[in-house]
Amino acid sequence: MPYKHGRPVIDLSLWFRTATAWTFYLVIPIAMLFNGIQHGTRYKHRWRLSPIRRAITVSNHTTFLDPVKIAGLPLPRLIFQTLLEATVEFPVLGTFTRLLGGVPIPRGRTGYQKLLAICERAFRYRRYLHFYPEGECYLYSQHIREFHSGAFRIAAELDIPVLPLVTVFSNGPFKPWSFWGRSLPLETLVVLEPEYPANYVRRDDKGEITSESIKEFAEAVRLKMQREIDRRKGSNAFYRGHMERIKGLND
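Residues numbered from 1 in each chain as written. Predicted model: local features only at pLDDT ≥ 70, side-chain atom pairs only at ≥ 80, totals over all residues. Heavy atoms only, no water.

*Asks:* So, the overall build of the protein: which residues are in play, and what are the values?
*Replies:* Counting its secondary structure elements, the protein contains seven helices and nine strands. Relative to a compact globule of 251 residues, whose C-alpha radius of gyration would be 18 Å, the protein shows 18 Å and is just as compact. Projected onto its principal axes, the C-alpha coordinates of the protein cover approximately 60 × 45 × 35 Å. Here the protein holds 251 residues, and the buried ones make up 49% of them. Sequence separation of at least 24 residues holds for 77% of the intrachain contacts in the protein that already meet a minimum separation of 6. Surface accessibility of the protein: about 13000 Å² in total, with carbon and sulfur atoms responsible for 58%. (Helix = DSSP H or I, 4+ residues; strand = E, 2+ residues; numbered from the N terminus. Rg over C-alpha atoms; globule rule 2.2 N^0.38 Å. Buried < 20%, exposed > 50% of the residue type's maximum accessible area, 1.4 Å probe, protein only. Contact = heavy atoms within 4.5 Å. Areas by Shrake-Rupley, 256 points an atom, 1.4 Å probe, with all protein chains shown as cover.)

*Asks:* Lay out the layout of surface pockets in plain terms, naming residues and giving numbers.
*Replies:* A volume near 270 Å³ is recorded for the second largest pocket. Around the second largest pocket, the lining comprises 20 residues; the ones closest to its centre are Arg17, Thr20, Phe80, Tyr125 and Arg126. Residue assignment for the lining of the second largest pocket shows that the elements contributing at least two residues are α1 (14-39) and β4 (102-105). Ranked by the residues each element gives to the lining of the second largest pocket, the list is headed by α1, at four residues. The residue makeup of the lining of the second largest pocket, split by class, is 10 nonpolar, three polar and seven charged. (1 Å grid on protein atoms, 1.4 Å probe; cavity = no way out; pocket = protein on both sides within 12 Å on 5 of 7 lines; lining within 4 Å. Points joined across faces, edges and corners; volume = space filled by probe spheres on them. Nonpolar A, V, L, I, M, F, W, Y, C, P; charged D, E, K, R; others polar.)

*Asks:* I'd love a proper account of helix α5 (residues 111-122), names of residues and values included.
*Replies:* The end-to-end C-alpha distance of α5, which contains 12 residues, comes to 16 Å, matching closely the 16 Å that a straight helix rising 1.5 Å per residue would cover. Every buried residue belonging to α5 is among Gly111, Leu115, Ile118, Cys119 and Ala122, and all of these are buried. When α5 is viewed along its axis, its buried side chains cluster within an angular range of 135° and face the same direction. Opposite the buried face of α5, by more than 90 degrees, sit the exposed residues Gln113 and Ala117. Where α5 is buried, its residues contact β3 (80-84), β4, β5 (128-131) and α6 (150-158). (Expected span 1.5 Å × (residues − 1). Arc of directions from axis to C-beta.)

*Asks:* So, the sheet that holds strand β7 (residues 162-170): which residues are in play, and what are the values?
*Replies:* If you walk across this open sheet you meet the seven strands as β1-β8-β7-β2-β5-β3-β4, and the pairing is mixed. Every other strand in the sheet has two partners, leaving β1 (42-44) and β4 as the edge strands with one partner each. The average angle at which neighbouring strand axes cross in this sheet is 30°, direction not considered. Examined bridge by bridge, β3 and β5 share two bridges and lie parallel to one another. Note on β5: the bridge partner recorded for glutamine 81 is histidine 130. In this fold α5 packs onto β3, β4 and β5, with an angle of close to 155° to the strand it touches most, β5. Lying over the sheet, helix α7 (residues 211-231) contacts β2 (55-59), β7 and β8 (186-191), oriented at roughly 30° with respect to β7. (Pairing = 2+ DSSP bridges. Axes fitted to C-alpha atoms, helices over the stretch in contact; angles between N-to-C directions.)

*Asks:* Break down a nonpolar patch on the surface for me, with residues and values.
*Replies:* A surface patch of nonpolar side chains, amounting to about 230 Å² of accessible area, comprises Phe90, Leu93 and Phe96. For phenylalanine 96, the location among the structural elements is in helix α4 (residues 93-99). (Patch = residues over 30% accessible without salt bridge, like charges linked within 9 Å, V, L, I, M, F, W, Y side chains within 5 Å. Salt bridge = Lys/Arg side-chain N within 4 Å of Asp/Glu carboxyl O.)

*Asks:* With reference to specific residues and values, describe the packing of aromatic side chains.
*Replies:* Enumeration over the complete set of coordinates arrives at eight aromatic pairs. Taking 5.9 Å as the distance between ring centres and 20° as the angle between the ring planes, the aromatic pair formed by phenylalanine 147 and phenylalanine 152 counts as stacked. Each ring, one from tyrosine 200 and one from phenylalanine 217, has its centre 5.0 Å from the other, and the planes form 15°; the classification is stacked. With tyrosine 200 in the loop between β8 and α7 and phenylalanine 217 in helix α7, the pair connects residues that are 17 residues apart, well separated along the chain. Of the residues examined, phenylalanine 217 reaches a relative accessible area of 0% and is grouped as buried. An aromatic cluster is built from Phe147, Phe152, Tyr200 and Phe217, whose rings are joined through pairwise contacts. In this arrangement the basic side chain of arginine 46 is found over the ring face of tyrosine 43, its NZ or CZ atom lying 4.3 Å from the centre. Between the NZ or CZ atom of arginine 126 and the centre of the ring of phenylalanine 80, over which it lies, the distance is 4.5 Å. (Phe/Tyr/Trp six-rings, centres within 6.5 Å; stacked < 30°, edge-to-face > 60°. Lys NZ or Arg CZ within 6 Å of the ring centre and 35° of its normal.)

Right under this line is the structure:
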């Protein structure tokens, strides 16, 4: 059934979960092969996923195929990935993205609250809910922009860890765009140690989580991810700027 604004952001019915599994396992391996050929994708420290039963995962957003790379990380398990509500409202393609695990972030100030309301049930079926907290895709960038705080607030409200994933680019053995060089970077997705809300979150006199502490939480994770890029000497040689949104689809 097509998604419409105001409907539950995650369809947890048996028939939809069955359709999701069939679609995912048919499509994602092919998409992963394409992504691997294009970027030579490697994963580092995947073992850090194993002991974590529930988590919010976050990553820098650097290519159009990031959702494919993220989907391949926890295989054979499935992962939920957030995206703009306008994308899942698009005819046919919107339903397809939901079948692949896409979760719309509802428009408006209460969007994350609607997402939070169903998270407890959703985590019964999948361990991870992924966010791109920069909010935009910056093609082949190795500089992580300021994070939106919604993912970190959900983690704090549910008292579950945030697991940072960071994409690091390299040039390959030859100078980019030389005769033997690459026109697209090689990429490595690194799984970092989880960060726990209890180390950052503070509450006010009413017992409510303060916005300032959530922002500090988000910034601490962002800096940790940036340090990993810098430590691995991530290449910014392929940077192409902000990826333009598609009119009528994700604008």
